Amino acid sequence: MGLLDILLGRTKPVAPDLDQLFALPSAAITLQAAAGFTPTGAGAVCFATVEGAAFEQTHQEIRALLDADAEREGPPVALTQDDYGYSWLSSHRSPEQLPELVNDLHAVNSSLEANGFGPQLLCSLAAFRRADQDDRRLALVYLYKRGTFYPLCTRPGHQRRDNALELQVASALEGDLRIEKDTSRWFPLWDAPGMTD
């Protein structure tokens, strides 16, 4: 960063650090103790929709890589598109296999990045549930271009968030995850894989 950038208040973008995803299992322990949320086994990677043979080949490589896991049951990766035109590669594991789910998310991100699709990557998430009277859902969302996390807590019913709980969870996880300070970047990912039944 040069002197002109400093004078004009421009900042250098944070380089993506996919290894931050490996902090999720320890953060899950803190999350359960602080707010009662446990992993659901669902996770996903979101990116701007890509068409063409190069992406299809990368998608097949990711499926082959994750299919190599002999302990996995069912399809390892599902490719879907949401109502906003973004694509999601989602993975499902048993709830106690959060470390394996994190490995899946890391592998998907790394494969997309290595094959030239890094600029299209938006975020990754791991889903959690609190099995109480209101069955709340929560995702810990990793913002690829920011290198930070934020909690997304949805209330039952369509497109309702629990902002107070999100702030409580963010505060509890500051020692485990690099939390996004700018709450305007805590995007509501309605109907993201793992956030609905």
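Scroll up for the structure.
Criteria and cut-off values
- Residues numbered from 1 in each chain as written.
- Predicted model: local features only at pLDDT ≥ 70, side-chain atom pairs only at ≥ 80, totals over all residues.
- Heavy atoms only, no water.
- Helix = DSSP H or I, 4+ residues; strand = E, 2+ residues; numbered from the N terminus.
- Buried < 20%, exposed > 50% of the residue type's maximum accessible area, 1.4 Å probe, protein only.
- Contact = heavy atoms within 4.5 Å.
- Areas by Shrake-Rupley, 256 points an atom, 1.4 Å probe, with all protein chains shown as cover.
- Pairing = 2+ DSSP bridges.
- Axes fitted to C-alpha atoms, helices over the stretch in contact; angles between N-to-C directions.
- Parallel < 35°, antiparallel > 145°, perpendicular 65-115°, else oblique.
- Left-handed = near helix turned anticlockwise from the far one by under 90°.
- 1 Å grid on protein atoms, 1.4 Å probe; cavity = no way out; pocket = protein on both sides within 12 Å on 5 of 7 lines; lining within 4 Å.
- Points joined across faces, edges and corners; volume = space filled by probe spheres on them.
- Nonpolar A, V, L, I, M, F, W, Y, C, P; charged D, E, K, R; others polar.
- Expected span 1.5 Å × (residues − 1).

Focus on the overall build of the protein
Here is step 1 of the chain: Each helix and strand counted, the protein has 5 helices and 6 strands in total.
Here is step 2 of the chain: Listing the helices and strands of the protein from first to last along the sequence gives α-α-β-α-β-β-α-β-β-β-α.
Here is step 3 of the chain: Counting all 197 residues of the protein, 46% fall into the buried class.
Here is step 4 of the chain: Taking as baseline every contact in the protein between residues at least 6 positions apart, the subset at least 24 positions apart corresponds to 66%.
Here is step 5 of the chain: When the accessible area of the protein is evaluated, it comes to approximately 10,000 Å², of which 53% is carbon and sulfur surface.

Observations regarding the sheet that holds strand β4 (residues 121–130)
Here is step 1 of the chain: Strand order in this open sheet of 6 strands is β2-β3-β1-β4-β5-β6, and the pairing throughout is antiparallel. Two strands lie at the open edges of the sheet, namely β2 (78–81) and β6 (148–154), each paired on one side alone. With direction set aside, neighbouring strand axes in the sheet form an average angle of 25 degrees.
Here is step 2 of the chain: Pairing of β4 with strand β5 (residues 136–143) involves 8 bridges; the strand directions are antiparallel. Looking across to β5, one finds that arginine 129 is bridged to arginine 137.
Here is step 3 of the chain: Helix α4 (residues 98–117) rests against β1 (38–48), β3 (86–92) and β4 of the sheet, and its axis sits at about 5 degrees to β1.

Points about the packing of helix α2 (residues 24–35) against α4
Here is step 1 of the chain: In contact at an axis separation of 9 Å, α2 and α4 are set at 135 degrees when each is read in the N-to-C sense. It follows that α2 is oblique to α4 by the angle criterion. Our pair here, α2 against α4, has a crossing hand that is right-handed. Contacts from Leu24, Pro25 and Ala28 of α2 reach α4 at Leu98, Pro99 and Val102.

A closer look at the layout of surface pockets
Here is step 1 of the chain: What the largest pocket holds in volume is close to 350 Å³.
Here is step 2 of the chain: In terms of lining, the largest pocket is formed by 17 residues, of which the most central are Tyr86, Leu122, Cys123, Phe187 and Leu189.
Here is step 3 of the chain: Along the lines of polarity and charge, the residues of the lining of the largest pocket split into 13 nonpolar, no polar and 4 charged.

Observations concerning α2
Here is step 1 of the chain: Taking 1.5 Å of rise per residue, the 12 residues of α2 would be expected to cover 16 Å, and the 15 Å separating its terminal C-alpha atoms lies within 8% of that figure.
Here is step 2 of the chain: Those residues of α2 that are buried lie in contact with α4, β4, β5, β6 and α5 (163–173).
Here is step 3 of the chain: Looking one or two places after α2, you find glycine 36, whose phi comes out positive at around 80 degrees.

Looking at the pairing of β3
Here is step 1 of the chain: Within β3, 5 of the 7 residues are buried, which leaves it mostly tucked inside the rest of the structure.
Here is step 2 of the chain: As defined by bridge partners, β1 adjoins β3 across 7 bridges and the pair is classed as antiparallel. The partner of alanine 44 across the bridge, within β3, is serine 90.
Here is step 3 of the chain: Here 4 bridges tie β2 to β3, and the two strands are oriented antiparallel to one another.

Regarding the environment of leucine 122
Here is step 1 of the chain: Assignment of secondary structure puts leucine 122 in strand β4.
Here is step 2 of the chain: Looking at leucine 122, the relative accessible area reads 29%, which means it is partly exposed.
Here is step 3 of the chain: A sequence separation of 77 residues divides leucine 122 from valine 45, and the C-alpha atoms of the two residues are 7.8 Å apart.

Description of the packing of helix α3 (residues 53–67) against α4
Here is step 1 of the chain: The geometry of α3 relative to α4 is characterised by a closest axis approach of 10 Å and an angle of 150 degrees between their N-to-C directions. Relative to α4, the element α3 is oriented roughly antiparallel. The way α3 lies across α4 gives a crossing that is right-handed. Contacts from Ala54, Phe55, Thr58, Glu61, Ile62, Leu65 and Leu66 in α3 reach Asp104, Ala107, Val108, Ser111, Leu112, Asn115 and Phe117 in α4.
Here is step 2 of the chain: When the residues that make up the contact of α3 with α4 are grouped by side-chain class, the tally is 9 nonpolar, 3 polar and 2 charged.

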